[in-house]
Amino acid sequence: MTATTCSTKWFFARSTPTCAAIVLGLDAAGKTTILYRLVRPNETVMTIPTIGFNVETVSVNGGTITLWDIGGCDQMRPLRRHYFGGMQGIVYVVDSADAGRVEEAGRELGGLAREVGEGEGSVPVVVLANKQDLPTALSLTEIQTALAPHIPPKTLWKVFPTTSTSPLTTDLDAPFHWLTTLITATSASPTTPPRTLPNHLQTLAEWLTRTDVPDAVFLTQLETFTLPNWDHYTHLRIAYVYLTTYGRQKGKDKIFASIETFIKNSGRTTAKTFSVTVTYFWLHMVDWALKTTPGASTSFHALLSLCPYLADGSLPLTYYTKERLYGSVESRTGFVVPDVRPLPNVVLSAK
């Protein structure tokens, strides 16, 4: 199953028996290695640090579970919340041999449990105490003691031992059986209210029903000021088409020129103003998504479904204060650097 197909199932096929869980943990904890031990149980898979995410659907406990392995690097952390909608459980991987970061792992897990569980910590959490085969590994009791103060009170959670070196999956059977059993029981409970998709995922669901004209026709409509819509979807598509056709440097110039010209000449944009900083932000995010997400360049809809954070119109405020981004002449006439956190960087993401 391709990543795009898994992504579509995650967003729009909640009625299927497939569970959806997110795989999280600090960088280098062994998340991706564990994921591919489930997918390819009879071989050892060499992995590299995850820049964006991996997604796989595996058979567990008589059903299937779609697992989203989100990169643990600092570049991905501000964007992870955009993958949380509809997640029914958390698989949290802890490096048992890294005693110096267990406290950090606990703080991270506590915040994630609240965010994925919409404040209540209401989704089950299976903690994989990984690398138990190493001589410096902390015991399960030590790990549970370190994590417990950070876990929301209503959270159902349990710690299981795992090793990231064995190609066999015997140590993964118990934790995933426990998780899928709880997900199934919770989903069937009449006292559990249905979880709704966040606004940006509802927007994305509508976007993916649209039928687009070919890229050449789209660019002609842009150049002749006859685009049927002038919305966030259209702006993202402009960036996608130019970046995939011309690359970042030449594509950037075309994006700026076409958007500014359209705003100045189209009768439907009389109340709009052109902002250099906002335009640069979105082309940068599209470019970053294309370069760090396998399969995103295959089509515009593939980009959107694999990178749901792009549908969030408030995403710039993750990096800028509202005053700096929208309240200054400088941000409209030139590029201003973020004042909340740096923009994600392809080079730093790969480290």
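Rules used in this analysis
- Residues numbered from 1 in each chain as written.
- Predicted model: local features only at pLDDT ≥ 70, side-chain atom pairs only at ≥ 80, totals over all residues.
- Heavy atoms only, no water.
- 1 Å grid on protein atoms, 1.4 Å probe; cavity = no way out; pocket = protein on both sides within 12 Å on 5 of 7 lines; lining within 4 Å.
- Points joined across faces, edges and corners; volume = space filled by probe spheres on them.
- Helix = DSSP H or I, 4+ residues; strand = E, 2+ residues; numbered from the N terminus.
- Nonpolar A, V, L, I, M, F, W, Y, C, P; charged D, E, K, R; others polar.
- Buried < 20%, exposed > 50% of the residue type's maximum accessible area, 1.4 Å probe, protein only.
- Pairing = 2+ DSSP bridges.
- Core = buried A, V, L, I, M, F, W, Y, C linked by side-chain atoms within 4.5 Å.
- Contact = heavy atoms within 4.5 Å.
- Arc of directions from axis to C-beta.
- Phe/Tyr/Trp six-rings, centres within 6.5 Å; stacked < 30°, edge-to-face > 60°.
- Lys NZ or Arg CZ within 6 Å of the ring centre and 35° of its normal.
- Salt bridge = Lys/Arg side-chain N within 4 Å of Asp/Glu carboxyl O.
- Expected span 1.5 Å × (residues − 1).

A.B. asks: Just to check I follow, could you spell out the layout of surface pockets for this structure?
C.D. replies: By volume, the second largest pocket is sized at about 560 Å³. Lining the second largest pocket are 23 residues; nearest its centre among them are H235, T273, S275, V278 and T279. At the level of secondary structure, the elements contributing two or more residues to the lining of the second largest pocket comprise α8 (232–265), α9 (276–292), α11 (322–326) and α12 (329–333). When residues in the lining of the second largest pocket are grouped by element, the largest group, seven residues, is from α8. Here the lining of the second largest pocket is composed, by residue class, of 14 nonpolar, seven polar and two charged.

A.B. asks: Help me understand the pairing of strand β1 (residues 19–25), please; the structure alone is not making it clear to me.
C.D. replies: Regular strands have side chains that alternate between both faces of the sheet. Taking burial as the measure, the seven residues of β1 include seven buried ones, the bulk of the element. The two faces of β1 match: C19, A21, V23 and G25 on one face and A20, I22 and L24 on the other face are all buried. The pairing of β1 with strand β4 (residues 89–95) spans five bridges and is classified as parallel. If you follow V23 over to β4, its bridge partner there is V91.

A.B. asks: What should I look at first to understand unusual backbone geometry in this one?
C.D. replies: If a residue is not glycine, its phi is most likely negative; likewise, a peptide bond is most likely trans. Of note in the backbone geometry, K131 takes a positive phi value of approximately 65° without being a glycine. Within the fold, K131 resides in the loop between β5 (125–130) and α4 (140–147). For F225, which is not a glycine, the phi torsion comes out positive at approximately 60°. Looking at the element boundaries, F225 is found in the loop between α7 (215–223) and α8. Given the relative accessible area of 31%, F225 is considered partly exposed.

A.B. asks: I tried to follow the nonpolar core on my own but got confused; where do I start?
C.D. replies: It is characteristic of soluble globular proteins that their nonpolar side chains tend to be buried jointly. I22, Y92, M285, L303, Y309 and L310 are the most contacted members of the largest nonpolar core, which totals 77 residues. The biggest single contributor to this core is α8, with 13 residues. Every residue in contact with I22, bar those within four places of it in the chain, is listed here: W68, I70, Y83, F84, M87, G89, I90 and V91.

A.B. asks: Looking at this structure, how should I read α7?
C.D. replies: Each full turn of the α-helix corresponds to 3.6 residues, which orients residues three or four apart in the same direction. Listing the buried residues of α7 in full gives F218, L219, Q221 and L222. Along the axis of α7, the buried residues cluster in a sector spanning 160°; they form a single face. Opposite the buried face of α7, by more than 90 degrees, sit the exposed residues A216 and E223. Backbone geometry just after α7 places F225 at a positive phi near 60°.

A.B. asks: Please clarify how the packing of aromatic side chains should be interpreted in this entry.
C.D. replies: For any pair of aromatic rings, the description rests on two quantities: the centre-to-centre distance and the angle between the ring planes. For the structure shown, the criterion picks out 12 aromatic pairs. With centroids separated by 5.1 Å and ring planes inclined at 80°, the aromatic side chains of F281 and W282 adopt a geometry described as edge-to-face. Relative accessible area serves as the criterion here: at 1%, F281 is assigned to the buried category. Between the aromatic rings of F281 and Y319, the centroid separation amounts to 5.7 Å while the plane-to-plane angle is 50°, which identifies the pairing as tilted. With F281 in helix α9 and Y319 in the loop between α10 (300–306) and α11, this pair connects stretches of sequence that are 38 residues apart. Residue placement shows R210 over the ring face of Y233; its charged tip is 4.4 Å from the ring centre. Positioned above the aromatic ring of F218 is the side chain of R237, whose terminal nitrogen or guanidinium carbon lies 4.3 Å from the ring centre.

A.B. asks: How should the pattern of salt bridges be read in this particular structure?
C.D. replies: Two side chains that carry opposite charge are able to pair once their charged atoms sit near each other. All chains considered together, the criterion is met by 10 salt bridges. Across the pair D253 and K252 runs a salt bridge, and its minimum N-O distance is 3.3 Å. For E260, the salt bridge is made with K264, and the minimal N-O distance between the two is 3.5 Å. Of this pair, E260 and K264 both sit in helix α8, separated by four residues, roughly a single helical turn. Relative accessible area serves as the criterion here: at 29%, E260 is assigned to the partly exposed category. Since its relative accessible area comes to 65%, K264 is described here as exposed.

A.B. asks: It is not clear to me how the pairing of strand β3 (residues 63–70) should be interpreted in this structure. Could you clarify?
C.D. replies: In terms of residue burial, β3 counts as a mostly covered element, since six of its eight residues are buried. Examined bridge by bridge, β1 and β3 share five bridges and lie parallel to one another. Residue A21 lies in a different strand from β3, and its bridge partner there is L67.

A.B. asks: Explain α9 here, please?
C.D. replies: End to end, α9 covers 24 Å across 17 residues, agreeing with the expected 24 Å (1.5 Å per residue, within 8%). Counting buried positions over the 17 residues of α9 gives 15, a clear majority of the element.

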